[in-house]
Each structure stands twice: as structure tokens, then as C-alpha cells.
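Structural overview for review
One letter stands for each residue in the lines below.
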Amino acid sequence: MDELNFRRRIYADPNDSASDINKACQEDKQLAKFRADMQDFDKQIAAAMEVTPPENLSERILLGQTIDFQRKQKQKHRVHLAIAASVAFIVGIVFQMNGVSPRYDNLSDHALAHMISEVDHIPGTATYTREQLNSKLVHFGGEMANDVAPIKFANFCDFNGTTSLHLVFQGENGDVTVFVVPSDSGLKASDRFSDMQYHGQTVETQKASMVIITDKKQSVNNWTEKLNKAIKWQKA
Amino acid sequence: MKAKQLKYEALVRAYSTDLYRYAYWLCHDGSIAEDLVQETFLRAWRSLESLKDQNAAKSWLITILRRENARRFERKQFDLVDIDDHQVEDSGSVGSEQEMENHLLRRQIGQLQEEYREPLLLQVIGGFSGDEISSILGLNRNTVMTRLFRARNQLKEALESTNQFKGAENG
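Residues numbered from 1 in each chain as written. Chains lettered and ligands numbered in written order. Predicted model: local features only at pLDDT ≥ 70, side-chain atom pairs only at ≥ 80, totals over all residues.

Digging into the overall build of chain B
Looking only at helices and strands, chain B has 7 helices and 0 strands in total. Along its sequence from the N terminus, chain B presents helices and strands in the succession α-α-α-α-α-α-α. Among the 171 residues that make up chain B, the fraction classed as buried is 30%. Taking all contacts inside chain B whose residues are at least 6 apart in sequence as the whole, residues at least 24 apart take part in 61%. (Helix = DSSP H or I, 4+ residues; strand = E, 2+ residues; numbered from the N terminus. Buried ≥ 20, exposed ≤ 12 C-beta atoms within 10 Å, placed from the backbone. Contact = placed C-beta atoms within 7 Å.)

Here's the deal with the overall build of chain A
For chain A, the helix and strand inventory stands at 7 helices and 8 strands. A total of 236 residues make up chain A; the buried ones form 24% of that total. Taking contacts inside chain A between residues at least 6 apart in sequence as the whole, the part at least 24 apart equals 54%.

What to know about the packing of helix α1 (residues 2–27) of chain B against helix α3 (residues 57–75) of chain B
Residues and elements named next belong to chain B. Following both chains from N to C, one finds α1 and α3 inclined at 40 degrees, their axes separated by 10 Å at the closest point. Comparing the axis directions of α1 and α3 gives the class oblique. Of the two elements, α1 crosses α3, and the hand of that crossing is right-handed. Where α1 approaches α3, its residues L11, Y15, L19, Y22, A23, L26 and C27 are matched on the opposing element by A57, K58, L61, I62, L65 and N69. (Axes fitted to C-alpha atoms, helices over the stretch in contact; angles between N-to-C directions. Parallel < 35°, antiparallel > 145°, perpendicular 65-115°, else oblique. Left-handed = near helix turned anticlockwise from the far one by under 90°.)

Some thoughts on the pairing of strand β4 (residues 174–182) of chain A
All names here are of chain A. With 7 bridges connecting them, strand β3 (residues 162–171) and β4 associate as antiparallel partners. The partner of Q170 across the bridge, within β4, is D175. Between the end of β3 and the start of β4, which pair antiparallel, lie 2 residues. Summarising the sheet, β4 and strand β7 (residues 208–215) pair through 7 bridges and their orientation is antiparallel. Bridging from a neighbouring strand, F179 pairs with V211 of β7. (Pairing = 2+ DSSP bridges.)

Examining the packing of α1 of chain B against helix α2 (residues 30–46) of chain B
Residue and element names in this part refer to chain B. Contact geometry of α1 with α2 gives a least axis separation of 8 Å together with a crossing angle of 140 degrees. In terms of their interaxial angle, α1 and α2 are classed as oblique. In this structure, α1 crosses over α2, and the sense of that crossing is right-handed. Each of Y8, L11, V12, S16, L19, Y20, A23, Y24 and C27 in α1 lies in contact with α2, whose residues at this interface are G30, I32, A33, E34, L36, V37, T40, F41, A44 and W45.

Here's the deal with the interface of chain B and chain A
Taken together, the 31 residues of chain B in the interface contact 22 residues of chain A. At the level of elements, α1, α2, α4 (97–111), α5 (114–124) and α7 (141–170) of chain B are the ones that each hand at least two residues to the side of chain B that touches chain A. Partitioned by chemical class, the residues of the side of chain B that touches chain A number 17 nonpolar, 6 polar and 8 charged. (Nonpolar A, V, L, I, M, F, W, Y, C, P; charged D, E, K, R; others polar.)

Thoughts on α1 of chain B
In an α-helix there are 3.6 residues to a turn, and that puts residues three or four apart on one side. All names here are of chain B. At Y15, α1 is deflected by roughly 50 degrees, the largest bend along its length. When we look at burial in α1, the residues that qualify are L11, V12, Y15, S16, L19, Y20, R21, Y22, A23, Y24, W25 and L26. One or two residues past the end of α1 sits H28, with phi positive at roughly 60 degrees. (Bend = angle between axes of the 7 residues up to and from the residue.)

Thoughts on the pairing of β3 of chain A
All names here are of chain A. Here strand β2 (residues 151–159) pairs with β3 via 8 bridges, running antiparallel. Directly across from D158, in β3, lies its bridge partner T163. Here β2 folds back onto β3, and the loop between the two strands holds 2 residues, one of which, N160, carries a positive phi near 55 degrees.

These results come straight from atomic positions and should not be treated as a statement about function.
As C-alpha cells, this is what we get:
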């Protein structure tokens, strides 16, 4: 191996220990020294390249990864939620279009369905006052002049998209439910109606329909009379 | 999941210092170097499954880091700094002869052209062979060996000329 070639190779890699390099070093002391010097120089280069990394670099990298991972998981959850919501939405639309969900164009059917669905939310004790009831009834053009029975519930409710009043009286033989629904609800009222358990009547007033429902053990007629006497409706 | 995490932690602990050094000499800035290393390891986490051979982990990480560094230049076209005008950070006072040389050498390494500096970093910091360097940099082996030769040659000449200058001054 000529000297120039040897030097080039040692410059390129001072730790080159190929057999021809080793052989050249054994044969020529000068070349061996040259290699040793270059190896020292390389140690100097390595020392110069040494840069102290920031403290806790590994920990910070691991923390960065944990945060990134959690963020990714959260995004994944959000996507899943969005997909679920979209699916639910489509299902809702399809059911609505096919008329699978119950629809009532009849005031009495709707009143019965509404009452039954709400029956669990009606409080066990009668704590409402007549004043509270009247503050709401006034929106429908009515005022209850005297007490008819303890009032268990008196609140606005959504009645097929129309704001209505939902009243529950505590009768001697069970609860009496009364809905006051504005006349412009678009729902057709029938005077008398019933299902297996309940029966009811509708009373038309100037501004609203009053639907009275009791169970079949009670006389809905008596309640209608009582309420008609107690509530004064505005005249047009 | 647990196994992946352990494998990842082992990689971080084994290679973060070397990667940081490598990044530092690519960008000459401590905080950018840390960002590069952070980003490199994040990407490594996301594609850890693609690392089949544990022995190739270091060159795999270096390849990711180099790609991240290139991306940085794509993003920040206008922040490009000419390497000749750029002083490499150095800290601490210069005392003994050896420290003086070390200081000079650092400056010279910083001023090497990137095509010479990178193979040298891979060889000295990374401990990679000529073949490994040629596959990381996508160059043929002869080119890599020539660049390594030139890199050391330039450093040695720069150092010797400074020493001569110093000698003349003292004499």
C-alpha cells in the first residue's frame, strides 16, 4: 500500500483496522505513529463535539410522548362520539320519516300519552299553592278563584311543541291531571275519551282547551264541574 | 401496550443524548436541538412498530431526526442562516492549552460545510461504519470516505495554521 493511500484511509477512518492497514503499520513505524496521532486527534474531535444535553432530557421526551398520547386518545374519543351522534341523528330522521315514533294529531291521545310518560315525575306530596298555579294559569287567560284540591304539580310543559300547563291535583280517590293547551296548538280535541285505565273530558275556553283526566275509579264529570266552577276564564 | 412503552423508554434513555448532540451540530442551537429530538422521538413512538431490528434503532432514529431537520428548513425558508456567519455557541472560559484547542476545534467543526460535517458526526458521535453512513446519507461509500478524509484534513489544517500563527507571535 502506498503512503498516500494509507494516509487517505486513516484520515477517513483513524480506527480502520483492516488487515492491510495493520500490516503497513507493522512494517513502517512512521505509518504506525501517523495512525496513533490521528487516533489522538479523533479523540480531540470527539471531545470538542461533546455537548451537554439539557437536564432531564429523557424525562421531558417521555412526558411529551405521554401528553401527545393522551391528546390522541381524546381526539379518538371525540371522533367516536361524533360518529355515534351522527348515526343517532340519521336513525332519528329515518324513524320520523317512516312514522315509527308515535305521533298524535289528536289532543286527547296526546294528553293521555303525556300524562303516562310523566307520571313518575309527579311529586308524592302536594306543595304547590293556588297563587303559584294562578301565576301560570294567567298566561292561558284563566284564574282559579277557590281551592278545589291540594296541588301536587303546576308547571309549564311541552305539549307537542306548544307550551302548555300541566296540573296535577290530589283527589280523594287518586290524582287528577289537567292540561291547559292553547287553542292554536293545531291538535283536535274530542269531548270525551278513554283508554283501559283512564278517561277524560275536554273543555273549550276562549283561549285554550282544558283536558281533564282521571282514572276510571273516579268520575271525571265531577272534576270537570268542580274546575269549571273554580276557574274563571277571560272573555274575549 | 406495556411492552411498547418499555421498548420506547429504553430507546429514549439509550439514545437521547447522542441524538441531542447530533441535532445540536446540525442546527447550532440548544433549544432547536431539543425540539428536534422531542419531535424525533414523538414520530418514533407513532411508528415504533416499523422498527423490527433493535440493532438498527440508532440509525433509524438518526434518519427520522435528519428528516425532521430538513422539514424545519422547508417550514422556515426565510430563517436560513449562512453557516460561515454563524458562531457556534460555546460556554465556559478558555484556560489551558488543551481547552484552547478544544475551543478552536469546536469553531472549526461549526464552520465545516455540512456535507463534510455530517459524515464526521455520524462516525464520531454515532460510531457508524462507512457502510452505515453511506446508507443513512444515501451516498455511495467512496463519496462518504472522501468526505470524511476532507473533513479531518480541513480540521487539521485549520488547527495547524492557528498553532503556527501562535508560534510566530510567541517567537
